[in-house]
Amino acid sequence: MVKRNSVKRYKLIIKSPEFDYAYISESGQEKFALTEIDSITTQYSSPQQFAIANKLDPETNKLIINYKANKQERYLFAIFDEYDFLSRLASDNNGLYTVTPGVYFQAEVREIINKLMTDDELYLYLLKMKYIDPKLNERILDFINALKHGYKKDIQFNYKRLENFLVRYKTIRGLEIGIKTYEKLTNPEKQEEKEITNIEEEMKEIKEEIKELKEEKQDTVMIDSNQNENYVQGTLFDMQATPKKKVKQKEKKIGKADRPFCYY
């Protein structure tokens, strides 16, 4: 797949108890490629550290990524320095829509496939939360089936089809975030403070569906073939926009030279 520049449609939104800010570069750029935003946020360990380093409100509690698709406002999780692989991938492919499938990329893909093959609950979680859309699911299942039953040529062909899909940065990013989120939810030692409500109920529902699948002795997991464009990663955990708050003359007290941000 030929590498190509990404459409700059993403905004980085800084959310604090009083204000929402949109990040603006020193050159006045407000919309970015997803790799550009990740290259920035993965330099920090948390929203608070990001805010302090950039002389923002130290009570900043969240960074989110905002974009429009099908005339609707949508949101993605901002990521930080715990995502070593994505940090490197975003930096190496800054501003691009598709990434170079180098050695470390291929090693990560193999690790992802291994996890999906050995952990049914993880696979179903990624499907349910829509980190895996129908087209990606088809390619994953084709490759797994080729590994189990196919010849060498079948394996190579199906791996290439899968790789051509995963070199889209947003796709591999979604898988990485989905897997790490699942691991935090299912491992109490790694679990951080939950921002998502009713997660216990969601996980209970997922486990009940897994039990039903195992009772039916299904070898593969399939989902409805909804239109790909309507898939939003982590849909059940989708973050809602905070209502804009009116601020009287506050912006006049902060000069552009002091803070490369604008009110959102």
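A brief report on the enclosed structure follows. (Residues numbered from 1 in each chain as written. Predicted model: local features only at pLDDT ≥ 70, side-chain atom pairs only at ≥ 80, totals over all residues. Heavy atoms only, no water.)

### Examining the overall build of the protein
Right, on to step 1. A count of helical and extended segments in the protein gives nine helices and five strands.
Right, on to step 2. Counting from the amino terminus, the protein carries its helices and strands in the arrangement β-β-α-α-β-β-α-α-α-α-α-α-α-β.
Right, on to step 3. Within the span of the protein, comprising 264 residues, buried residues form 45% of the whole.
Right, on to step 4. Taking all contacts inside the protein whose residues are at least 6 apart in sequence as the whole, residues at least 24 apart take part in 71%.
Right, on to step 5. Split by element, the accessible area of the protein, about 15300 Å² in all, is 47% carbon and sulfur. (Helix = DSSP H or I, 4+ residues; strand = E, 2+ residues; numbered from the N terminus. Buried < 20%, exposed > 50% of the residue type's maximum accessible area, 1.4 Å probe, protein only. Contact = heavy atoms within 4.5 Å. Areas by Shrake-Rupley, 256 points an atom, 1.4 Å probe, with all protein chains shown as cover.)

### Some words on the packing of aromatic side chains
Right, on to step 1. Counting across every chain of the model gives seven aromatic pairs.
Right, on to step 2. Centroid distance Y10 to Y67: 5.2 Å. Interplanar angle 50°. Geometry classified as tilted. Of this pair, Y10 sits in the segment before β1 (11-15) while Y67 is found in strand β3 (residues 62-69), placing the two residues 57 residues apart along the sequence. Y67 matches Y10 in its accessibility class, with the two residues each being buried.
Right, on to step 3. Measuring from ring centre to ring centre gives 5.1 Å for Y44 and F50, while their planes differ by 80°; the resulting arrangement is edge-to-face. When sorted by exposure, Y44 lands in the same class as F50, which is buried.
Right, on to step 4. Here the aromatic residues Y125, Y131 and Y182 are joined through ring pairs into a cluster of three or more.
Right, on to step 5. One cation-aromatic arrangement involves R168 over F165; the distance from NZ or CZ to the ring centre is 4.4 Å.
Right, on to step 6. For K180, the ring lying beneath its charged end belongs to Y83, and the centroid distance is 5.3 Å. (Phe/Tyr/Trp six-rings, centres within 6.5 Å; stacked < 30°, edge-to-face > 60°. Lys NZ or Arg CZ within 6 Å of the ring centre and 35° of its normal.)

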